[in-house]
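# Tertiary structure, described
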Amino acid sequence: MVDRWWGNLLPKIAPFLYDEGGPIVMVQIENEYGSYGDDKAYLRHLVTVARRHLGDDVILYTTDGGTRETLEKGTIRGDTVFSAVDFSTGDDPRPIFKLQKEYNAPGKSPPLSAEFYTGRLTHWGENIENTGAHFTAAALDRILSLKGSAVLYMAHGGTNFGFYNGANTGADEFDYKPDLTSMIMMHQLENLVMWTMQSSKTLRGVVKRHSAASIPSVPSNNEKKGYSMIQLQKTESLFDLIDKIDPIGVVESENPTSMESVGQMFGFLLYTSAYAAKGPRRQFVHTKLEHDRAQVFISCPSEDNGGRPTYVDWSRVENMGRINYGSHLFDQKGILSPVYLDGNILKSWKMVAIPFQNLNEVLDINPHNQ
């Protein structure tokens with residue numbers, strides 16, 4: 001898959017390399033691979049593929065956290081690739097750059113922080129991350145004072161759209177932390193313009209102090225527009241959608257299956273199964289593993305089953321963001337383990353994909369066949 005993807009991508013990049021008069025100075029073959037992988041044959045294969053399409057003159061590099069473990073796993077010692085590092089803003093760069101030298105050829109290890117964080121992402125439920133402009137500038141000054149370089153990440157924030165927000169984990173996969181869609185780098189949203197101007201001015205001052213050449217002038221500030229409040233309007237309910245489901249397209253399985261197995265990567269997946277009541281007592285439905293959030297609805301379409309009503313369990317499972325860092329990258333979504341009703345496994349499931357690819361259109365249920 002990597003060979004096919006790079007076989008299409010890299011030839012498009014080649015004309016823009018620095019040696020061809022373009023702006024691309026370096027090409028990164030992996031990012032923080034040492035945080036979750038350790039396969040030197042894989043890394044060497046990436047080098048081979050990149051050289052095949054880009055030639056022998058372009059600088060190839062990797063980026064890993066500034067620890068011996070991540071560098072040992074994530075890069076190749078010597079001059080095959082250039083090993084860059086990243087680390088938290090405010091960390092002392094001196095010992096990290098010293099460690100970086102061990103993984104590069106002698107005389108070929110210019111200190112480089114390939115991800116200098118001007119802010120940090122925020123997970124749902126957390127306070128907005130607030131990285132002060134002067135704190136960030138002081139950290140950048142320490143790097144440049146060591147004749148080092150830094151890539152600002154991000155210079156202007158950034159936004160992913162739709163369901164492409166990503167997620168992290170803590171100690172294990174159950175300590176799940178979905179990201180906000182936007183990487184916000186200020187204390188309050190309404191302070192965005194003022195914060196950006198202050199931060200830019202402060203960081204420019206640091207760069208100017210360490211640069212022998214003049215730096216470009218500040219571009220004119222774009223006009224900002226206020227859109228006031230946005231009124232959301234309800235177009236459909238979940239149970240309205242259920243009535244539109246085409247039974248020919250519903251995926252049926254003895255046990256619940258993952259979102260990926262029905263050909264869906266993002267959005268929601270609706271699961272349904274029927275069971276008969278066992279007397280008047282309350283019954284307990286549970287499962288050990290679902291990714292990421294499930295809402296369970298119970299309906300009673302029939303009361304003629306030998307005196308016992310038949311219930312239908314509707315479970316809507318939401319993909320809240322795919323894990324994109326660390327050891328739990330294999331992140332399947334949906335109900336991933338048996339569902340129990342008072343200790344007994346529920347069987348005979350039906351799955352319906354609800355992708356929500358365009359919220360401006362009335363949803364057209366089009367399930368996949370398995």
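Data block above holds the structure.
Within each chain, residue numbers correspond to sequence positions counted from 1 in written order. Reporting of local features is limited, given that this is a predicted model, to residues whose pLDDT is at least 70; pairs of side-chain atoms are given and counted only at 80 or more, and all residues count toward the totals for whole chains, interfaces and linings. Side-chain metrics in this entry use all non-hydrogen atoms of the structure; hydrogen atoms and water are not considered.

### What about a negative patch on the surface?
A contiguous patch of negative charge on the surface is contributed by Asp19, Glu20, Asp56 and Asp57. Relative accessibility thresholds used throughout: buried, under 20% of the residue-type maximum; exposed, over 50%; partly exposed, between the two (1.4 Å probe, protein chains only). Here aspartate 19 falls in the exposed class, since its relative accessible area comes to 56%. Patch definition: residues with relative accessible area over 30% and no salt bridge; like charges joined within 9 Å; nonpolar side chains (Val, Leu, Ile, Met, Phe, Trp, Tyr) joined within 5 Å. Residue burial considers only the protein chains on display, and all accessible areas are found by Shrake-Rupley using a 1.4 Å probe. Basic side-chain nitrogens of Lys or Arg form a salt bridge, by our definition, when they fall within 4 Å of a carboxyl oxygen of Asp or Glu. Counted charges follow a simple rule, with Lys and Arg positive, Asp and Glu negative, and His plus the chain ends left uncounted. One atom stands in for each charge, and that atom is NZ of Lys, CZ of Arg, CG of Asp or CD of Glu.

### Considering the packing of helix α1 (residues 2–13) against helix α2 (residues 40–54)
In this description, a line fitted to the C-alpha atoms serves as the axis of each element, helices being fitted only across the stretch in contact, and the angle between N-to-C directions of two axes falls anywhere from 0 to 180 degrees. Secondary structure counts use DSSP, requiring at least four H or I residues in a row for a helix and at least two E residues in a row for a strand, with both numbered from the N terminus. It is at 9 Å that the axes of α1 and α2 come closest, and there the two elements cross at 30°. Overall, the two elements α1 and α2 adopt an arrangement that is roughly parallel. Note on packing geometry: the crossing formed by α1 with α2 is right-handed. Touching Val2, Asp3, Trp6, Gly7, Leu10 and Pro11 of α1 are His45, Leu46, Val49, Ala50, His53 and Leu54, all from α2. For this scheme, ten residues count as nonpolar: Ala, Val, Leu, Ile, Met, Phe, Trp, Tyr, Cys and Pro. Four count as charged, namely Asp, Glu, Lys and Arg, and the remainder, Gly too, count as polar. When grouped by side-chain class, the residues that make up the contact of α1 with α2 number 8 nonpolar, 3 polar and 1 charged. An angle below 35 degrees is read as roughly parallel, one above 145 as roughly antiparallel, one from 65 to 115 as roughly perpendicular, and any other as oblique. The crossing is said to be left-handed when, going from far helix to near helix, the turn is anticlockwise and less than a right angle, and right-handed when the turn is clockwise. Between two residues, a contact is recorded if the distance between any of their heavy atoms is within 4.5 Å.

### Brief notes about the pattern of salt bridges
One pass over the structure, following the stated rule, counts 9 salt bridges. Linking aspartate 38 and lysine 40 is a salt bridge whose minimum nitrogen-to-oxygen distance equals 3.7 Å. Note that glutamate 72 is salt-bridged to arginine 77, the shortest N-O span being 3.1 Å. Three or more residues joined by partner-sharing salt bridges are found here, namely Asp292, Asp331 and Lys333.

### With respect to the nonpolar core
Trp6, Ile29, Leu54 and Leu60 are the most contacted members of the largest nonpolar core, which totals 17 residues. Secondary structure elements with two or more residues in this core: α1, β1 (26–31) and α2. Top contributing element to this core by residue count: α2, with 6 residues. Those residues in contact with leucine 60 that sit more than four places away from it in its chain are Val27, Ile29, Val47, Ala50, Arg51, Val81 and Phe82. Here the nonpolar core consists of buried residues drawn from Ala, Val, Leu, Ile, Met, Phe, Trp, Tyr and Cys, with membership extended through side-chain atoms lying within 4.5 Å. Among the nonpolar cores identified, the runner-up in size contains 15 residues, and Leu71, Ile96, Ala137 and Leu144 belong to it.

### Concerning the side chain of threonine 63
Considering the arrangement of structural elements, one finds threonine 63 in strand β2 (residues 59–65). Residue threonine 63 is classed as buried on the basis of its relative accessible area of 1%. Looking at threonine 63, its side chain comes within polar contact range of the side chain of glutamine 28, at 3.4 Å. Apart from the residues lying within four places of it in its own chain, the contact partners of threonine 63 are Gln28, Glu30, Asn31, Glu32, Tyr33, Ala84, Val85, Asp86 and Ala114. Polar contact is defined as a pair of N or O atoms within 3.5 Å, subject to the rule that within protein one atom must be able to donate a hydrogen and the other to accept it, and that residues adjacent in sequence are counted only when both atoms are side-chain atoms.

### Description of the sheet that holds strand β5 (residues 149–153)
Pairing between two strands is assigned when DSSP locates at least 2 bridges connecting them. The strand order across the open sheet built from 5 strands is β1-β2-β3-β4-β5, with neighbouring strands paired in parallel fashion. Unpaired on one side and paired on the other, β1 and β5 mark the two borders of the sheet. For this sheet the average axis-to-axis angle between neighbouring strands, irrespective of direction, equals 30°. For strand β4 (residues 112–117) and β5, the ladder comprises 4 bridges, and the chain directions are parallel. Among the inter-strand pairings, phenylalanine 116 is bridged to a residue of β5, identified as leucine 152. Across the sheet, α2 lies against β1 and β2, angled at about 155° from β1, the strand it touches most. Packed onto the sheet, helix α4 (residues 93–101) meets β3 (82–86) and β4 and runs at close to 160° relative to β3.

### Looking at the sheet that holds strand β18 (residues 344–345)
If you trace the 3 strands from one edge of the open sheet to the other, you get β12-β17-β18, paired in antiparallel fashion. In the strand order of this sheet, the two ends are held by β12 (285–287) and β18, each with one partner. Taken together, the 3 bridges between β12 and strand β17 (residues 339–341) define a ladder with antiparallel strand orientation. Looking at the pairing, threonine 287 lines up with valine 339 of β17.

### What to know about the environment of phenylalanine 82
Its place among the elements puts phenylalanine 82 in strand β3. On a C-alpha basis, the gap between phenylalanine 82 and glutamine 28 in space is 9.2 Å, while along the polypeptide they are 54 residues apart. Not counting residues up to four positions away in its chain, the partners in contact with phenylalanine 82 are Met26, Ile59, Leu60, Tyr61, Thr62, Gln100, Asn104, Lys108, Ser109, Pro110 and Leu112.

### Here's the deal with the packing of aromatic side chains
Two rings from Phe, Tyr or Trp (for Trp, the six-membered ring) form a pair when their centres sit within 6.5 Å of each other. Planes less than 30 degrees apart are called stacked, planes more than 60 degrees apart edge-to-face, and all others tilted. For the structure shown, the criterion picks out 7 aromatic pairs. A ring pair is formed by tyrosine 33 and tyrosine 36, whose centres lie 5.7 Å apart and whose planes are at 85°; its orientation type is edge-to-face. Judged by its relative accessible area of 33%, tyrosine 36 falls in the partly exposed class. Cluster of aromatic residues (ring-pair linked, three or more members): Tyr33, Tyr36 and Tyr42. Whether a charge lies above a ring is judged from NZ of Lys or CZ of Arg, which has to be within 6 Å of the ring centre and within 35 degrees of the ring normal. The ring of tyrosine 103 carries arginine 77 above its face, with NZ or CZ at 4.1 Å from the centroid. Over the ring of phenylalanine 266 we find arginine 322; its NZ or CZ atom is 5.5 Å from the centre of that ring.

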